Amino acid sequence: MCSLLQPYVEPTNLAMVFLLGVTLVASRCGYVEALLASLFSIAIFDVAFVPPRWTLAVSDVQYLITFGAMLAVALLVVRLTSRLREQAQVADERVRQTTMLYELTRELSRGRSKAELAHAAAKFVASAFDGEVAVMSIRNGTPEAIISSPSGFELKGDETSECLARGELIVASDRNVFVPVQGAQGLLGVLAVASRRELASSDRVLLEASASTLASALERAQLSQEMQETRVAAESERMRNALLSSISHDLRTPLTAISGAASALVRQGAGELARTIYQESLRLNHQIQELLDMTRLRTEGIELALEWHSLEEVVGSAISRTREMLGNRHVAVNSPADVPLMRLDGALVEKLFVNLLENIAVHTPDKTRIEIGIVAQSEVVRVIVSDSGPGITPGQEEAIFERFSRAGKERQSLGLGLAICRAIMKLHGGRIWAQNRQSGGAEFHLEFPRPETQPEAPVE
Amino acid sequence: MSSAARVLLIEDDYGIRQFLRAAMEPGQYQLLEAVDGLSGIRRCSETRPDLVLLDLGLPDIDGVEVTRRLREWCDTPIVVLSARGQERDKIVALDAGADDYLTKPFSVGELFARMRVALRHRRRDPVVVVTTPDFTVDLDARTVSRRGEPVHLTPNEYKLLAALARDAGRVVTQRQLLAEVWGEAYAQETHYLRIYMGQLRHKLEDDPAQPRTLITEPGVGYRLLVDN
């Protein structure tokens, strides 16, 4: 090309054309090739175009300056273009890594459960690094689950423990790496990679970035699950309250009319059928009350309406309320003067004694004697309710407090009475248990914590 | 009673109205009806009944409000009907001037007992002597006797007993009792009542733990029962 141009162009311009050629070579090929090309260009330039032609010698010393400058410029160009190429390579690599991370993030954003997320991350890292990946998640410091890609490899080794202990990336070899999955709230697990190629430092950077992305995704999944659970709990609480008020009012209204009308019929001497309607409506009311009590008691965060009460008075009210059901069973109450006032939810504790007495009425024959003794001790105040009936079937002393437990013949209630008693005692920080008396019959022991203080008594 | 007592029932539920209508013994009671609070108040002023039976769960204005408005101009006895669990409403209604209460579901027998007591208080002059199976209280002479023997009560014990005796048969709320014996400032000191009622029972009842006359109305107040 240059020889064609020669007759028309100055040698200096030819030199430029050569430089252009060198630059082209430098931009395409490596450093060494470019260097060789520049030397070669200068040589050709000298031989072909500098007088005397066809020799390496030069007639004018100024051409030496030309050669020198050409060489220097060529070298500079080669250096610059090489560096540019290197930087372009690095930038490309970064773009590649960023794209990979972006894809990982996208992949993870689809995952719902922790297992799914770990799987997605493992698959991704395995394909990105051409190797095998295992992910181990931990919960409260102990290993929870292990997910590994196809052939799987051991995650139980020392490296894993060290990684977990130090929370740092551990390099086992130039192909095996253990990466901690570190979330904002703490260490969530370990990502182990066994690659088929050597891992460079840029790879480690990528691995750490992947692990961190996985950690964010795991934490997000956790939070989302907790939010869901809270929402479900709030919803069921709302439903429970709606149910309670519905039972309380809506079911009771027709029941009032039924039992009221039946009682009127009984008064007017309408006979057995009227009596049946009345009894059954009372029974229905009783069962509704049982359900209502149990539901209310099982509501979390139930607040007791605590006030100072006299146990003697509360027991008395309970006996009065169950008087009809107790029939001709005689109740004797022993309440000494040294029993302090107790801090109780009056309505609940009365319900407790009502349930106990009803239970006794159902399980004992007519004329059974019932004794209620109240004893004040240093730490507790004890109430013992005993009867002279047949007692509790041996072995069933605990079982009777379970919900829906009914002795064979009992059809009156849903079997929640004693379970409710236990729930109420528990709410008051006390306990209740049953045993058989040596002298025959059953004995229910109630223990209330003794209040440390007493309210101020009025002055006369 | 010479003529049938006129009873105004303010109740929105059809079933309850129906059974009460059928239950009222014709010679004894004449039943008038209203289906909500506002028409109930109006009916009361038009007909001037001897007794009002008022349901607390009314559709337009609640029973407590009806009680308040009625009490502004009339002193007809009011017995409120409430569902179990509506303790607060009951107490508020009683403090606002209702005379007694019944908890649904109730039997006709309970209803008549309450109505009788309420009507008796209306017709009679202020009570002077109250006789119960266990003891007798003379509110004029300020004495209490049991089986012929006088019983010594401390000043506050007597005041408490007198408060119950003046309203014999009717429930008296905790607040009313505390206010009458110790003053308005002590309206929250329910433990005073626990202590004093216990003392009264020990002095006046055969079995203080199972009282027949000095009855607890749980969550509401106390009642001195006269026709056991």
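Every value quoted in this text rests on a predicted model; they were computed, and no experiment measured them.

J.: How should I be thinking about the sheet that holds strand β5 (residues 100-104) of chain B in this particular structure?
T.: Pairing between the strands of a sheet is mediated by backbone hydrogen bonds and can be parallel or antiparallel. Residues and elements named next belong to chain B. Taking strand neighbours across the sheet as the criterion, the five strands line up as β2-β1-β3-β4-β5 in an open arrangement whose pairing is parallel. The open sheet has two free edges, formed respectively by β2 (29-34) and β5, since each of these has just one partner strand. Averaged over all pairs of adjacent strands, the angle between their axes in this sheet comes to 20°, without regard to strand direction. Strands in contact with helix α2 (residues 37-47) are β1 (5-10), β2 and β3 (51-55); relative to β1, the strand with the most contacts, it is inclined by about 165°. Taken strand by strand, helix α4 (residues 87-95) contacts β4 (78-83) and β5, and its axis lies near 160° from that of β5.

J.: Is there a simple way to think about the pattern of salt bridges in this case?
T.: Pairing is possible between side chains that carry opposite charge, provided their charged atoms lie close to one another. Scanning the model with the defined rule gives 30 salt bridges over all chains in all. Between Glu307(A) and Arg194(B) there is a salt bridge, with the nearest N and O atoms lying 3.8 Å from each other. With Glu307(A) in strand β6 (residues 306-309) and Arg194(B) in helix α8 (residues 190-204), this residue pair bridges two chains. Note that Asp206(B) is salt-bridged to Arg146(B), the shortest N-O span being 2.6 Å. Here Asp206(B), found in the loop between α8 and β11 (214-217), pairs with Arg146(B), found in strand β8 (residues 143-146); they are 60 residues apart in sequence, far enough to count as distant. With relative accessibility at 15%, the residue Arg146(B) sits in the buried group. Where salt bridges share partners, they join Asp134(B), Arg146(B), Arg147(B), Asp206(B) and Arg212(B) into one cluster.

J.: Honestly, the nonpolar core in this entry has me stumped. Any pointers?
T.: Residue and element names in this part refer to chain A. Counting residues in each nonpolar core, the largest one holds 45 residues, and the members touching the most others are Phe-353, Val-385 and Leu-446. A per-element tally of this core places helix α11 (residues 346-363) first, with nine residues. Apart from residues lying up to four places away in sequence, Leu-446 is in contact with Leu-352, Phe-353, Leu-356, Val-381, Arg-382, Val-383, Val-385, Met-425, Arg-431 and Ile-432. Listed in part, the 31 residues of the second largest apolar core include Leu-101, Ala-120, Phe-124 and Val-179.

J.: I tried to follow unusual backbone geometry on my own but got confused; where do I start?
T.: For residues other than glycine, phi is negative in most cases, and the peptide bonds are mostly trans. Residues and elements named next belong to chain B. Following Lys-104, the chain continues to Pro-105 via a peptide bond in cis, the omega torsion being -5°. Relative to the elements of secondary structure, Pro-105 occurs in the loop between β5 and α5 (108-123). Positive phi values are uncommon outside glycine, yet Arg-142 reaches one of about 60°. By secondary structure assignment, the location of Arg-142 is in the loop between β7 (136-138) and β8. In this model, Arg-147 sits at a positive phi of 50°, which is unusual for a non-glycine residue. Residue position: Arg-147 is located in the loop between β8 and β9 (149-150). Judged by relative accessible area, which is 63%, Arg-147 ranks as exposed.

J.: Explain the interface of chain A and chain B to me, please; I cannot follow it from the model alone.
T.: A common way to state how big an interface is: give the accessible area lost once the parts meet. Residue-level contacts link 38 residues of chain A with 35 residues of chain B. In this assembly, chain A packs against chain B so that about 2,900 Å² is buried in total across both faces, 54% of it on carbon and sulfur atoms. In terms of surface lost to chain B, no three residues of chain A exceed Glu313(A), Pro458(A) and Glu460(A), which account for 21% of the buried area on that side. Summed over the shared surface of chain A and chain B, the number is three salt bridges.

J.: Which parts of the structure should I look at to understand the state of the cysteines?
T.: Note: disulfide means a covalent bond formed between the sulfur atoms of two cysteine side chains. All names here are of chain B. Enumeration according to the criterion identifies zero disulfides over all chains in this entry. No disulfide involves Cys-44; its nearest neighbouring cysteine sulfur is the one of Cys-74, lying 4.4 Å away. For Cys-44, a relative accessible area of 1% gives the class buried.

J.: Please clarify how the pairing of β4(B) should be interpreted in this entry.
T.: The two faces of a sheet get side chains in turn, since along a regular strand they alternate between them. Residue and element names in this part refer to chain B. Within β4, six of the six residues are buried, which leaves the element mostly enclosed by the surrounding structure. Here β4 shows no split at all, with Ile-78, Val-80 and Ser-82 on one side and Val-79, Leu-81 and Ala-83 on the other all buried. Here four bridges tie β3 to β4, and the two strands are oriented parallel to one another. What sits directly across from Leu-53, in β4, is Val-79. For the crossover from β3 across helix α3 (residues 63-71) to β4, the handedness is right-handed. Bridging between β4 and β5 involves five bridges; their strand directions are parallel. Within the sheet, the bridge partner assigned to Leu-81 lies in β5 and is Leu-102.

J.: What am I meant to see in the environment of Cys421(A) here?
T.: All names here are of chain A. By the secondary structure assignment, Cys-421 is in helix α12 (residues 417-427). Put simply, Cys-421 and Ile-432 are eleven residues apart on the chain and 7.8 Å apart in space, counted from C-alpha to C-alpha. Beyond its immediate stretch of four places on either side in the chain, Cys-421 contacts Leu-352, Asn-355, Leu-356 and Ile-432.

J.: Even after reading the chapter, I still don't get the sheet that holds strand β10 (residues 380-387) of chain A, so can you show me in this structure?
T.: Residues and elements named next belong to chain A. Read from one edge of the open sheet, five strands run β7-β9-β10-β12-β11, paired in mixed fashion. A strand with exactly one partner marks an edge of an open sheet, and here the two such strands are β7 (330-334) and β11 (431-436). Here the average twist between neighbouring strands, direction ignored, is 15°. Contacts from helix α9 (residues 311-321) reach β7, β9 (369-376), β10 and β12 (442-449), with the element oriented near 160° to β9. Across the sheet, α12 is in contact with β11 and β12; its angle to β11 comes to roughly 135°.

J.: Sorry, what's going on with the environment of Ala217(A) here?
T.: Residue and element names in this part refer to chain A. Within the element layout of this structure, Ala-217 appears in helix α7 (residues 201-267). Residue class for Ala-217 comes out buried when judged on its relative accessible area of 6%. With 96 residues separating them along the chain, Ala-217 and Ala-121 place their C-alpha atoms 10.0 Å apart. Once residues lying within four places of it in the same chain are set aside, the contact partners of Ala-217 are Leu-108 and Leu-117.

J.: Honestly, the side chain of Asp100(B) in this entry has me stumped. Any pointers?
T.: Residues and elements named next belong to chain B. Turning to its location among the elements, Asp-100 is positioned in strand β5. A distance of 2.6 Å separates the side chain of Asp-100 from the side chain of Arg-223, its partner in a polar contact. Look past the residues within four positions of Asp-100 in its chain and what remains in contact with it is Ile-78, Val-79, Val-80, Leu-94, Arg-114, Gly-169, Arg-170, Val-171 and Arg-223.

J.: Can you help me understand the packing of α9(A) against α11(A) in this one?
T.: Residues and elements named next belong to chain A. At a minimum axis distance of 8 Å, the contact between α9 and α11 shows a crossing angle of 50°. As summarised for this structure, α9 and α11 are arranged oblique, according to the angle between their axes. Two packed elements cross with a definite hand, and for α9 against α11 that hand is right-handed. Contacts from Leu-311, Val-314, Val-315, Ser-317, Ala-318, Ile-319 and Arg-321 in α9 reach Gly-346, Val-349, Glu-350, Phe-353, Val-354 and Leu-357 in α11. In terms of residue class, the contact of α9 with α11 is built from nine nonpolar, two polar and two charged.

Rules of the game
- Residues numbered from 1 in each chain as written.
- Chains lettered and ligands numbered in written order.
- Predicted model: local features only at pLDDT ≥ 70, side-chain atom pairs only at ≥ 80, totals over all residues.
- Heavy atoms only, no water.
- Pairing = 2+ DSSP bridges.
- Helix = DSSP H or I, 4+ residues; strand = E, 2+ residues; numbered from the N terminus.
- Axes fitted to C-alpha atoms, helices over the stretch in contact; angles between N-to-C directions.
- Contact = heavy atoms within 4.5 Å.
- Salt bridge = Lys/Arg side-chain N within 4 Å of Asp/Glu carboxyl O.
- Buried < 20%, exposed > 50% of the residue type's maximum accessible area, 1.4 Å probe, protein only.
- Core = buried A, V, L, I, M, F, W, Y, C linked by side-chain atoms within 4.5 Å.
- Buried area = accessible area lost by both parts, 1.4 Å probe.
- Disulfide = S-S within 2.5 Å.
- Right-handed = clockwise from strand over helix to strand, strands pointing away.
- Polar contact = N/O pair within 3.5 Å; in protein donor to acceptor, adjacent residues only side chain to side chain.
- Parallel < 35°, antiparallel > 145°, perpendicular 65-115°, else oblique.
- Left-handed = near helix turned anticlockwise from the far one by under 90°.
- Nonpolar A, V, L, I, M, F, W, Y, C, P; charged D, E, K, R; others polar.

Any functional reading would require information that these geometric values do not contain.
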